[in-house]
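Next come the chains, spelled out residue by residue.
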Amino acid sequence: MDTTKTADPTAPEADTAEPQAAEAKADVKADVKADAKDAPAGESAEATEPALSDEELEDALDDELDDTEKVSDGVGAAASAVVAAGLGLVALSGSWVSRVIAERQTLVGQIESVNAATTEAKIQALYGDAWHMTALVNGVLSTLALLLAVFVLARPAFGAPGRTLPTWVRAVSWAAVALGALGVLLFGLMYFDILAPLPKAA
């Protein structure tokens, strides 16, 4: 009589052991597949990645230098346009330098008017010379604003082809051109006594 006992397939221990073993095998297979996929992919990526030659490195450095030059040119052009517009506006509104020079010239005219023989000579010494100096200084500032704005607008034509100024830089530059041209015309007429001439004595 055979006394060995076979495990009952419906026993609770058998039921829980088989799913756990199946899950462990599935996890192991999944890890092995993942390692197998990752390893060849990394090796192939490293193997297929081309090494940069000396010419390619020089081209990359040249591109970086070109980008740096473009940024510096853009900053310089923007600053010049703003300075030009500021000079034109200051010249039209009257600068502190022109006022100081005019006051100094008035003092010189008061000293010279003591020896003036005629009334017209006194008017010229007291007021005319000071007005002319004011027009001269403000005219110089307007001329500088005009020249600087024209330089900013003409700079891309002498640089690398394809470079253009931003829209707002061109707008500010054209505004500076308008202010500078108006100042040069206005102060030129005032300096030569065409606009607002000196009054005549009776």
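The text that follows walks through the structure, step by step, so that each part is easy to find. Position numbers for residues start from 1 in each chain and track the written sequence from start to end. With pLDDT at 70 or above as the cut-off, local features in this predicted model cover only qualifying residues; side-chain atom pairs require 80 or more to be listed or tallied, and sums for whole chains, interfaces and linings still use all residues. Water and hydrogen atoms were dropped before computing side-chain values, which therefore reflect all heavy atoms in the structure.

## Some details on a nonpolar patch on the surface
Each patch is built from residues that are more than 30% exposed by relative accessible area and take part in no salt bridge. Like charges join if they lie within 9 Å; nonpolar side chains (Val, Leu, Ile, Met, Phe, Trp, Tyr) join within 5 Å. Note on areas: Shrake-Rupley with a 1.4 Å probe; residue coverage comes only from the protein chains shown. Salt bridge, as applied in this entry: a Lys or Arg side-chain nitrogen positioned within 4 Å of an Asp or Glu carboxyl oxygen. Taken together, Leu 136, Val 140, Leu 144, Tyr 191, Phe 192 and Ile 194 make up a surface patch of nonpolar side chains, about 590 Å² in accessible area. The greatest single-element share of the nonpolar patch, amounting to 3 residues, is contributed by helix 4 (residues 119–154). Numbering goes from the N terminus for both helices and strands, where a helix is a DSSP run of H or I of at least four residues and a strand is a run of E of at least two. Here Leu 136 lies in helix 4.

## Comments concerning the packing of helix 3 (residues 96–112) against helix 4
A fitted line through C-alpha atoms serves as each axis, taken over the contacting stretch for helices, and the angle formed by two N-to-C directions is quoted from 0 to 180°. With their axes 8 Å apart at the nearest point, helix 3 and helix 4 run at an angle of 155° to one another. Classified by the interaxial angle, the pair formed by helix 3 and helix 4 is roughly antiparallel. Between helix 3 and helix 4 lies a crossing whose hand is right-handed. Contacts between helix 3 and helix 4 involve Val 97, Ser 98, Ile 101, Ala 102, Gln 105, Thr 106, Gly 109, Gln 110 and Glu 112 from the first element and Ala 125, Leu 126, Asp 129, Ala 130, Met 133, Thr 134, Val 137 and Asn 138 from the second. Under the scheme applied here, ten amino acids are nonpolar (Ala, Val, Leu, Ile, Met, Phe, Trp, Tyr, Cys and Pro), four are charged (Asp, Glu, Lys and Arg), and all others, including Gly, are polar. Residue composition of the contact of helix 3 with helix 4, by class: 8 nonpolar, 7 polar and 2 charged. What sets the label is the angle itself: under 35 degrees gives roughly parallel, over 145 gives roughly antiparallel, 65 to 115 gives roughly perpendicular, and the rest give oblique. Crossing handedness is read from the near helix: turned anticlockwise from the far helix by less than a right angle, it gives a left-handed crossing, and turned clockwise, a right-handed one. The criterion used for residue contact is that any of the two residues' heavy atoms lie within 4.5 Å.

Structural measurements only, silent on function.
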